[in-house]
Each structure stands twice: as structure tokens, then as C-alpha cells.
Amino acid sequence: MHRFRRAYRLLLLAVAATVSAMVFAEERDYWQIRSAGSGPTRFVESTSVINRGRPPHPAPANTSQLHGREHGPVSLRLQADAATHARLQESGVDVSIELDRALEWLTRLTPARQTAARIELHLVSPRWQRQFRKRHPARPATVVELMVPLAATLEGPALSVGVGKALATALHELTHALDADTSRSRSEDEYRASLVSACYLLDTLRPGDVLHLSDAAAGAAGDSFITTHSREAASRVTSDLAAAAGTHRIAWQDRTAMMALDLFCGTRLADPEPSSR
């Protein structure tokens, strides 16, 4: 059987606060979660600002459902605009592993809370600049709804990498939304969210895949306090994963490294203060 090889880099850069969280995938993209209110008026607001520097589209993105997954109180729905839908359909790429693992991580993030949670993810073309904001009541389910561009450089099987990274972004933001009321510090909260997205991506590796753990890019002069925390958390996560695996280059067939990483992820994410040791 022919095996394709998907080689990609894990570059984590995320920002968090008690009631607000951001993720930056590239300089032109960011996502923000804001939790506010109390009791029946509490809400979670998701903001996506993507493809900055590109021409703004005069009309809202029109997306239709591509895939969905549901298990008990957790669910995810993947939608795409017409151009992205066509790219994925024409390529015949299989994203079932990315979707199944994302659902598993949704379940993993919510059991102790007995909380319903849902991810609404809109995949769109990287051609147009867009600002997308959605607000959902915090009950009966915590909902994160984001818009993420699917890179134009991805083709064929590599499209599944783009879908996986988009789902990792959504899981990162959902972690912040679920943890908004915890006593974790900004640093601890950011470390945990970054680790969730990283460990999820490790779970999506397939035969022949290679993942390169890349440290966060050096900060620029004048970076904000929040961005500095983001870079520091990203650096700690990649360094800790590389130390656990004994290498920065993680190959699917390296079962020793994969088992070490699985143990590390399980142990650290079970720790109530994962970045404090």
C-alpha cells in the first residue's frame, strides 16, 4: 500500500487571559475568546481576524456543512466556503482522523465538569481579509465558533494537515473558554491551552508522518505583555515536548518517542497546575 508522507512544523503561539484569549497562527491571523457576564447572562464571544493585509471581502463568508461529529454532550461541526469545500472534495483527502481525534479531545476536556461543549469551525479561502465575531450563551453548552483560512500552498494529502491545525486552534480556544473560571495564572492557562493543541496534533500523526517541534519565533521589540506571555508559553511547550521525546523531530514510527509524548501529555494535562513545576 502506498503511504504518503506529511511533514510539517508545530509552531505554537497563543495568548490568554482570565476572560480573554488569543491565538496567533501567522502575523496576519488571530483569534480571541472573551467570557463575560454571570448566571443566565453569561456568554462566550469568539472573534476571528484573518488574512490581514489582503483585500477585504464585501460580503460575509457563506459556509456550508462539510463534516460533523458528536458524542454525548460534546460535538463539532466543520463548515467551509464554496472554494474551500471544492478543494477538499476534489482532493479526496481523508480528514476522519483529525475529526475523530478532535472529538476525543473535546470529551477529554469536559468530563470532570460534566459540561456540554461544541466547536463550530468555518474553513475559508486565504484570499480575503475577514473579521468574524460570534456570541453564544455560556449555557447549556460552551460554544467556540471560529473562522480559519486553509493555506493556499496545501495540496492533496497535506490538506489534512491544514484541517488538523484549524481544529487545534479551535481546541486551544475552547480550553480557554472552559478554564475561564479557574484559579490558574495567565502563564499556567496559556501553557495548558498550548499543550492541548500540541498533544492533539501529535494524536493525528499517521504512518510516514514527521512533525518538527519548532520554538516560537523571537519576539519583536515593543511586543505587548500578552504577546510576550504567548511566546513564552509556546517556547515552554515545544521545549518540554522535545525533552520528553528526546528529539525535535517526531516520526510516527518512533514508538518510543510517541509513547513518551503520550505519557507526558496525559500527566501534564491531569496536573491542576501544569506549568508550575
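Since the structure is predicted, the reported quantities are computational estimates derived from the model, not experimental observations.

S.K.: Describe the overall build of the protein, with residues and values.
M.R.: In terms of regular secondary structure, the protein is built from six helices and twelve strands. Sequence separation of 24 or more characterises 73% of the internal contacts of the protein that already satisfy a separation of 6 or more.

S.K.: So what's going on with helix α2 (residues 96-109)? Residues and values would help.
M.R.: In a regular helix each residue adds 1.5 Å, so 14 residues correspond to 20 Å; α2 covers 20 Å between its end C-alpha atoms and thus fits that length. Taken residue by residue, α2 has E98, L99, A102, L103, W105, L106 and L109 as its buried positions. One face of α2 carries all of its buried residues, which in axial projection span an arc of 160°. Those residues of α2 that are buried are in contact with β6 (63-71), β7 (74-81), β8 (116-124), α3 (159-178), α4 (186-203) and α6 (255-270).

S.K.: Give a description of the confidence of the model for the protein that names residues and reports values.
M.R.: Averaged over all residues, the pLDDT of the protein is 82; the fraction at 70 or higher stands at 79%. By mean pLDDT, the top-scoring element of the protein is β7 (96), and the lowest-scoring one is strand β2 (residues 14-16) (30). Low pLDDT, under 50, characterises residues 217-225; the stretch is placed with seven contacts to residues that sit more than four places away or in other chains. Note that pLDDT drops below 50 for residues 273-277; the model gives that stretch 13 contacts with residues more than four away or on any other chain.

S.K.: Account for the sheet that holds strand β10 (residues 141-149), naming residues and giving values.
M.R.: Spatial strand order, β6-β7-β8-β10: four strands in an open sheet with mixed pairing. Two strands lie at the open edges of the sheet, namely β6 and β10, each paired on one side alone. Strand after strand, the sheet turns through a mean of 15° between neighbouring axes, direction not considered. Pairing between β8 and β10: nine bridges, direction parallel. The residue bridging V124 from the neighbouring strand is P149, located in β10.

S.K.: Give me the lowdown on the state of the cysteines, citing residues and values where you can.
M.R.: One pass over the full model with this rule turns up one disulfide. Here C199 is linked by a disulfide to C265, with a sulfur-sulfur distance of 2.0 Å. Measuring handedness by torsion sign, the sulfur bridge of C199 and C265 sits at about -90° and is left-handed. One end of the pair, C199, is in helix α4; the other, C265, is in helix α6, with 66 residues separating them in the sequence. In this structure C199 comes out as buried when scored by relative accessible area, which is 1%.

S.K.: Hey, could you go over the pairing of strand β5 (residues 43-50) for me, with residue numbers and the actual values?
M.R.: Of all eight residues making up β5, eight are buried, and the element is well covered by its neighbours. Of the two faces of β5, both are covered, the one formed by F43, E45, T47 and V49 as well as the one formed by V44, S46, S48 and I50. Summarising the sheet, strand β4 (residues 30-36) and β5 pair through seven bridges and their orientation is antiparallel. By the bridge assignment for β5, I33 is matched with S46. What sits between β4 and β5 in their antiparallel hairpin is a turn of six residues, with G37 showing a positive phi close to 85°. Sheet topology note: the β5/strand β9 (residues 130-137) ladder contains eight bridges and is antiparallel. In the strand pairing of β9, I50 is matched with R130.

Reading the values: rules and limits
- Counting from 1, residues in each chain are numbered in the order their sequence is written.
- The model is predicted, so local features are restricted to residues of pLDDT at least 70 and side-chain atom pairs to those at 80 or more, both for listing and for counting; the totals for chains, interfaces and linings are taken over all residues.
- Excluded from the side-chain calculations are hydrogens and water; all other atoms, namely the structure's heavy atoms, are used.
- To qualify as a helix, a DSSP run of H or I must reach at least 4 residues; to qualify as a strand, a run of E must reach at least 2; elements of each kind are numbered from the N terminus.
- By definition in these notes, contact holds between two residues if any of their heavy atoms fall within 4.5 Å.
- To estimate the expected span of a helix, subtract one from its residue number and multiply by 1.5 Å.
- With a 1.4 Å probe rolled over the protein chains alone, any residue whose accessible area is under 20% of its type maximum counts as buried; one over 50% counts as exposed, and the rest are partly exposed.
- Note: the arc covers the axis-to-C-beta directions of the helix.
- The quantity known as pLDDT measures the predictor's confidence residue by residue, on a range of 0 to 100.
- We call two strands paired when DSSP finds no fewer than two bridges between them.
- Under this scheme, a helix contributes an axis fitted over its contacting stretch, all axes are lines through C-alpha atoms, and angles between N-to-C directions fall in the 0 to 180 degree range.
- The criterion for a disulfide is a pair of cysteine sulfur atoms lying within 2.5 Å.

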